[in-house]
Each structure stands twice: as structure tokens, then as C-alpha cells.
Amino acid sequence: MESPDNATEHTGIAAQDWAAASADPQYRAAVVDLLGALAYGELAAFERLAEDAKLAPTLGDKAELAKMASAEFHHFERLRDRLAAIDTEPTEAMAPFARALDDFHRQTAPSDWLEGLVKAYVGDSIASDFYREVAARLDGDTRALVLAVLDDTGHGNFAVEKVRAAIEADPRVGGRLALWARRLMGEALSQAQRVVAERDALSTMLVGGVADGFDLAAVGEMFSRITKAHTKRMAALGLAA
């Protein structure tokens, strides 16, 4: 999904650097929440990929997942270091988001290797799309960091290749994985809404006030774009959305 950042001429907070934008305490709180959520997400992704590597059918697949897990941990370190640099205790910033993310991962534990690949591809991509949308309204320094840690670790192409090959070998696999992906989409969106609803600074950032240009209609359009991107990814996997 193309980042909205590419097509946006920045105004308001998005045209400022962190030093200027963080003078607003509500904006600062929203960014701390955002970086805390992202950091815990990256740490959880590292743990999940390392766990999924145990299900890998070949040594090559195991090594590929270990490489991706390492990339996720590096992303986590950058976010942790940024939180520390803005005088925030990283674990305190992450703590409010641990339960929702842990619940999501517990409720969507894959039963096999292919479900694990689809989960990483679908779930991580939905989260990345959401954060890219929000990044377009952040100050320049924070935006650059967020976009950098959302860089693809290579999991997308790897998942597409493996899932399409599995469906080609046994077309019945496609129906099961399509149902699984739909469940993941629903769980991911409900958990995201739960997190935003519980964090005042984040919800204000999304519906206007802190971040210029976001209102309720814009939020609806944002989720519409995320849903369309999900449909395209399902097609890339060879699955019906």
C-alpha cells in the first residue's frame, strides 16, 4: 500500500520537527502511545516469528524466518532507543498495549506452518497500513522513524510464494486459509479499535485536535483504504477476501 506520506504536502504538526511539535503535551502523549504500541508490536512479532520457525518444514525456511525475526528485533531496538531519547521509560510506554496484543496473538494462534505465514502477512500488513496512515500526520522526526521501522522484512514475498505453492499442490488448502485470513482481519480491527478507545491521546490524534486533517469521515476513509489493501493482498496469496 502506498504511503499517504508520499502524496501529502505537510501542514501544521506534520510540517514541524519533534522539538516544536512536542511542546503540545497532548501531542507528546499521543506519540509516546504510538511508539509504545509499535515497540511492543515489534517485540511480539520477533517472538512470534522465532516461534513460527519451529513449525518450518525445511532448514531453509527456518533460517528465513530467523532472519525476519532478527529484523523485527532491530526495529524494536530503534523504537526503544527513541522512547528513551525523549525521556520516556520504554517498558512503561509499551505496557498499556501488551494485553490487547497478547490477547490477539492468543486468540489467533496458528495451528500449522501455513496459518502462521498467513497470520504474519495479513496481520502485520494491516498494522503497517494503519501506522503509515497515521505517520502522514506526525512531526517530521517521528514520521521518519515510524516509516523506517515499517520497512518490509521480506515476509510478504516469502509468505506469498509459500502459500501459493501450497494451494497449487492442494487446492483445498485455499478455502481453509481464506476463512483463517478473514478471522484475522476481524480480530485485528477489533483489537485496534479497543486500543484506540482506551487511549485518549491516541483517539484524539485520529479524530482531530492533535493531528491536522483527521476527522471522523477521514477515519472512515482510512479504514476503507486499509480494507482495500487487505483484499489485494488476499488476491496475491491466491485467496478470496
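The chain goes by Ferritin-like domain-containing protein in an unreviewed UniProt entry, where it is assigned to Streptomyces sanyensis.

Chemist: Describe the packing of helix H2 (residues 25-52) against helix H6 (residues 140-149), and please don't skip the residues or the numbers.
Modeler: Contact geometry for H2 and H6: axes closest at 12 Å, N-to-C directions at 15°. Comparing the axis directions of H2 and H6 gives the class roughly parallel. Here H2 and H6 pass one another in a crossing that is left-handed. Residues Val31, Leu35, Leu38 and Glu42 of H2 touch H6, and the partners they reach there are Thr142, Leu145, Val146 and Val149. In the contact of H2 with H6, the residues fall into 6 nonpolar, 1 polar and 1 charged.

Chemist: Before we move on, can you summarise the nonpolar core with the specific residues and values?
Modeler: Residues Val122 and Leu138 are the most contacted members of the largest nonpolar core, which totals 72 residues. Per element, the largest residue contribution to this core is 12 residues, and it comes from H2.

Chemist: Account for the pattern of salt bridges, naming residues and giving values.
Modeler: Following the criterion strictly, the structure yields 10 salt bridges and no others. A salt bridge links arginine 80 to aspartate 81; the shortest N-O distance between them is 3.2 Å. Residue arginine 106 pairs with aspartate 103 through a salt bridge whose shortest N-O separation is 2.3 Å. Here aspartate 103 and arginine 106 lie together in helix H4 (residues 90-107), a separation of 3 residues that amounts to about one turn. For aspartate 103, a relative accessible area of 10% translates into the label buried. Counted as one network, the salt bridges with shared partners bring together Asp112, Glu115 and Arg176.

Chemist: Which residues make up the layout of surface pockets, and what values do they have?
Modeler: Space inside the largest pocket adds up to approximately 1,100 Å³. Residue lining of the largest pocket: 47 residues in total, with Gly123, Asp124, Ser125, Ala127 and Ser128 positioned closest to the centre. Of all the secondary structure elements, the ones that give two or more residues to the lining of the largest pocket are H2, helix H3 (59-85), H4, helix H5 (113-135), helix H7 (155-169), helix H8 (172-198) and helix H10 (216-237). The element best represented in the lining of the largest pocket is H5, accounting for 13 residues. Taken together, the residues that form the lining of the largest pocket break down as 26 nonpolar, 11 polar and 10 charged. By volume, the second largest pocket is sized at about 160 Å³. Forming the boundary of the second largest pocket are Glu47, Arg48, Glu51, Asp52, Lys54, Leu55, His105, Thr108, Ala109, Pro110 and Lys119. In terms of residues, the lining of the second largest pocket owes the most to one element, H2, which gives 4 residues. The residue inventory of the lining of the second largest pocket, partitioned by class, reads 3 nonpolar, 2 polar and 6 charged.

Conventions adopted
- Residues numbered from 1 in each chain as written.
- Predicted model: local features only at pLDDT ≥ 70, side-chain atom pairs only at ≥ 80, totals over all residues.
- Heavy atoms only, no water.
- Axes fitted to C-alpha atoms, helices over the stretch in contact; angles between N-to-C directions.
- Helix = DSSP H or I, 4+ residues; strand = E, 2+ residues; numbered from the N terminus.
- Parallel < 35°, antiparallel > 145°, perpendicular 65-115°, else oblique.
- Left-handed = near helix turned anticlockwise from the far one by under 90°.
- Contact = heavy atoms within 4.5 Å.
- Nonpolar A, V, L, I, M, F, W, Y, C, P; charged D, E, K, R; others polar.
- Core = buried A, V, L, I, M, F, W, Y, C linked by side-chain atoms within 4.5 Å.
- Buried < 20%, exposed > 50% of the residue type's maximum accessible area, 1.4 Å probe, protein only.
- Salt bridge = Lys/Arg side-chain N within 4 Å of Asp/Glu carboxyl O.
- 1 Å grid on protein atoms, 1.4 Å probe; cavity = no way out; pocket = protein on both sides within 12 Å on 5 of 7 lines; lining within 4 Å.
- Points joined across faces, edges and corners; volume = space filled by probe spheres on them.

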